[in-house]
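# Remarks on the overall topology
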Amino acid sequence: MSTVEFCQRALREEIAPPSIGSVKLRIRTAARDLGWSYTRTKDAWYADPRISIKPEELFRVEAVSGLSYARQEMRKNDRAIERAEALLRGEDTRLVRTLVAAVREAFGLRDRA
């Protein structure tokens, strides 16, 4: 998830949830809470591909929303590792041996078996 996508989700779900009212009111509320301009908040709200989120803006979004970009990235990576391990556990042992041999060869290690 990119920082822009993270900010969009935080804005829509945590900082200015649907219970506030119309989208325009939600954007205005988020802008006020973050101390951003309406236009900047609107760009983040719609994840405009032309913007990039500055570190201080990301820190502000994390502080106001209570979410953490790093924690979400860590969870995503953990899920990817779990899926990969599940695939490897279910695969043919010959395939696993072949992969290990290829990795050893790539690092210049000889198969001593």
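Keep in mind that what you see is a predicted model, and the values were worked out from it rather than measured.

Calculation rules
- Residues numbered from 1 in each chain as written.
- Predicted model: local features only at pLDDT ≥ 70, side-chain atom pairs only at ≥ 80, totals over all residues.
- Heavy atoms only, no water.
- Buried < 20%, exposed > 50% of the residue type's maximum accessible area, 1.4 Å probe, protein only.
- Helix = DSSP H or I, 4+ residues; strand = E, 2+ residues; numbered from the N terminus.
- Arc of directions from axis to C-beta.
- Core = buried A, V, L, I, M, F, W, Y, C linked by side-chain atoms within 4.5 Å.
- Contact = heavy atoms within 4.5 Å.
- Axes fitted to C-alpha atoms, helices over the stretch in contact; angles between N-to-C directions.
- Parallel < 35°, antiparallel > 145°, perpendicular 65-115°, else oblique.
- Nonpolar A, V, L, I, M, F, W, Y, C, P; charged D, E, K, R; others polar.
- Salt bridge = Lys/Arg side-chain N within 4 Å of Asp/Glu carboxyl O.

Every buried residue of helix H4 (residues 55–65) is listed here: Glu57, Leu58, Val61, Glu62 and Ser65. For H4, the buried positions fall inside an angular range of 140° around the axis, keeping them on one side. In this structure, H4 carries Pro55, Phe59 and Ala63 as exposed residues pointing more than 90 degrees from its buried face. Just downstream of H4, Gly66 is the residue with a positive phi angle, here 80°.

The subject of this paragraph is the nonpolar core. Judged by nonpolar contacts, the single largest core of 18 residues is most densely connected at Phe6, Cys7, Leu11, Ile15, Leu34, Ile53 and Val61. Elements that contribute at least two residues to this core include exactly helix H1 (3–15), helix H2 (23–34), helix H3 (38–45) and H4. Excluding anything up to four places from it in sequence, Leu11 contacts Ala16, Pro17, Ala30, Leu34, Thr41, Ala44 and Trp45.

To continue, consider the packing of H1 against H2. The N-to-C vectors of H1 and H2 enclose an angle of 100°; their axes lie 10 Å apart at closest approach. In this view, H1 runs roughly perpendicular relative to H2, as classed from their interaxial angle. The residues of H2 that touch H1, namely those facing Leu11, Arg12 and Ile15, are Arg26, Ala30, Asp33 and Leu34. Grouping the amino acids of the contact of H1 with H2 by side-chain chemistry returns four nonpolar, no polar and three charged.

Another aspect to go through is the environment of Leu67. Relative to the elements of secondary structure, Leu67 occurs in the loop between H4 and helix H5 (69–90). The class for Leu67 is buried, based on a relative accessible area of 18%.

Opposite charge on two side chains makes pairing possible when the charged atoms of those side chains draw close. For the structure on display, the rule yields three salt bridges. A salt bridge links Glu57 to Arg40; its shortest N-O distance comes to 2.7 Å. With a gap of 17 residues between them, Glu57 in helix H4 and Arg40 in helix H3 connect regions that are remote in the sequence. With respect to class, Glu57 is no different from Arg40; both count as buried. Of the charged contacts, one joins Asp48 and Arg50 as a salt bridge, the two residues approaching to 2.7 Å between their closest N and O atoms.

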